[in-house]
Amino acid sequence: MRFSTRTRFWAVLLPLVFVHQALQAEIRETSVWWLPRNVNMFGHEIDFIFYVILGLTGVTSVAVFSVMIYFLVKYRARPGVPAIHSHGNNTLEVVWTTIPVFIFLALAIYGNEQWTQMRLRQPPADAIPVAVVGEQFGWNVRYPGPDGKLATMVASKVGKENPFGVDPADPAGADDFTTYNEVVFPVDRPIRLYLGSKDVIHAFYVPEFRLYQDMVPGRVYDFVWLKAEATGNFQLACNQLCGQGHYKMFGKLSVVPVAEYEAWAKGKAPVKVSAQETKTTAQVTVAER
Ligand code: CUA
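Fair warning: this is a prediction, and the values are worked out from it, not measured in the lab. (Residues numbered from 1 in each chain as written. Predicted model: local features only at pLDDT ≥ 70, side-chain atom pairs only at ≥ 80, totals over all residues.)

Draft legend 1. Here's a closer look at the overall build of the protein. Looking only at helices and strands, the protein has five helices and ten strands in total. Summarising the internal contacts of the protein: among those between residues at least 6 apart in sequence, 72% fall at separations of at least 24. (Helix = DSSP H or I, 4+ residues; strand = E, 2+ residues; numbered from the N terminus. Contact = placed C-beta atoms within 7 Å.)

What follows is the structure in structure tokens.
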């Protein structure tokens, strides 16, 4: 059976259109075909190293495949031409082993330096502390009130009724407020995150921040910080398969001007800390049996 040119054209194009539509299901402001835009202070270096690696591997692939195709044609079997046996070339071997060694070393040293800047350096003293605790299937978020201080978060106190593992007697927590699946950050202000989990492993992942951190129950991750350089609406989507509802574990994340952030925070009532909140996971589990 023969197909017309037009039929073949649509047979190729239509599947591509459907795949493209499916990809669009992801909520993003920018193209799904390339990197989402970067709005975090640390993102520039991550994008830079990405493009360096893409360039190196791209040039290498083109060079390797060009030589391979050239040799395939040049040394193809032809009647009357005897085969040539090659035993390699030691000089070439040394050259093409040494160059990649130095490239990989340079990438490792640069990458390690960037990691140190992002994760091992203390956040600035004026960073706003924000606690984010994942649960099946949503995000608990805790903000400091006017005092700028969060209640101390203790991993062993995190429980069903106390997602943030705080001590109700902690004065720093008296004016804290909480939200659910709603994250608002002021632009151009450092944010220090306190990340935790109530139940299973979740992951704090915002592609536009070039930021990813697993949240393992029993730990509080206090070394992740960021500074958004532009306003916008993004998605905080969990990036660890955490159960049947994983697909719907996402929250709205907006970066807004500082004045707008302050007005938003002012409108939030402090969270009531009940005696219930003091129970640990173990106590709650026992009480429920
Ligand atoms: Cu939480 Cu996936």
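Draft legend 2. Up close: the sheet that holds strand β10 (residues 250-256). Here we have three strands laid out as an open sheet, ordered β4-β10-β9, and mixed in their pairing. Whereas interior strands pair on both sides, the edge strands pair on one side only; in this sheet they are β4 (182-186) and β9 (232-237). Strand-to-strand twist in this sheet, taken as the mean axis angle between neighbours without regard to direction, amounts to 25 degrees. As defined by bridge partners, β4 adjoins β10 across five bridges and the pair is classed as parallel. The residue of β10 that forms the bridge with Val183 is Leu253. In this fold helix α4 (residues 258-266) packs onto β4 and β10, with an angle of close to 135 degrees to the strand it touches most, β4. (Pairing = 2+ DSSP bridges. Axes fitted to C-alpha atoms, helices over the stretch in contact; angles between N-to-C directions.)

Draft legend 3. Molecular detail of the sheet that holds strand β3 (residues 177-180). Strand order in this open sheet of five strands is β3-β2-β1-β5-β8, and the pairing throughout is mixed. In this open sheet, the two strands that pair with only one neighbour each are β3 and β8 (221-227). Mean inter-strand twist for the sheet, computed between neighbouring axes without regard to direction, equals 25 degrees.

Draft legend 4. Looking closely at the confidence of the model for the protein. Of all residues in the protein, 90% attain a pLDDT of 70 or more, and the chain-wide mean is 86. Mean pLDDT across the elements of the protein ranges from a minimum in helix α5 (residues 281-288), with 39, to a maximum in β4, with 95. Predicted confidence is poor over residues 275-289, with pLDDT under 50, and the contacts of this stretch with residues over four places away or in other chains come to 21 contacts. (pLDDT = per-residue confidence, 0-100.)

Draft legend 5. Molecular detail of the nonpolar core. Formed by 36 residues in total, the largest nonpolar core has its most connected members in Val130, Ala131, Val132, Met153, Leu193 and Tyr194. Those elements that place two or more of their residues in this core are β1 (128-135), β2 (138-143), β4, β5 (190-197), β6 (202-206), β8, β9 and β10. The contact partners of Leu193, leaving out residues within four places of it in the chain, are Val130, Val132, Val224 and Trp225. (Core = buried A, V, L, I, M, F, W, Y, C linked by C-beta atoms within 7 Å. Buried ≥ 20, exposed ≤ 12 C-beta atoms within 10 Å, placed from the backbone.)

Draft legend 6. View of the packing of helix α2 (residues 43-74) against helix α3 (residues 90-120). Taken N-terminus to C-terminus, the directions of α2 and α3 make an angle of 165 degrees; their axes are 11 Å apart at the nearest point. With respect to α3, the axis of α2 lies roughly antiparallel. The way α2 lies across α3 gives a crossing that is left-handed. Residues Glu45, Ile46, Ile49, Ile53 and Leu56 of α2 form the contact with α3, whose own contacting residues are Ile103, Leu107, Tyr110, Gly111 and Gln114. In terms of residue class, the contact of α2 with α3 is built from seven nonpolar, two polar and one charged. (Parallel < 35°, antiparallel > 145°, perpendicular 65-115°, else oblique. Left-handed = near helix turned anticlockwise from the far one by under 90°. Nonpolar A, V, L, I, M, F, W, Y, C, P; charged D, E, K, R; others polar.)

Draft legend 7. Representation of unusual backbone geometry within the structure. That bond from Gln136 to Phe137 is cis: its omega, 5 degrees, falls within 30 degrees of zero. As for its position among the elements, Phe137 is in the loop between β1 and β2. With a phi close to 60 degrees, Asp188 is a non-glycine residue in the positive phi region. Unusually for a residue other than glycine, Arg210 sits at a positive phi of about 50 degrees. With respect to the element layout, Arg210 can be found in the loop between β6 and β7 (211-215).

Draft legend 8. Up close: the environment of His44. As for its placement among the helices and strands, His44 is situated in helix α2. Taking the number of C-beta atoms within 10 Å as the measure of exposure, His44 has 13 and is therefore partly exposed. Between the alpha carbons of His44 and Phe209 there is a distance of 9.9 Å; along the sequence they are 165 residues apart.

Draft legend 9. Spatial organisation of α2. In this model, α2 (32 residues) spans 46 Å end to end at C-alpha, consistent with the 46 Å of a helix rising 1.5 Å per residue. Of all the 32 residues making up α2, one are buried; the element is thus mostly uncovered. (Expected span 1.5 Å × (residues − 1).)

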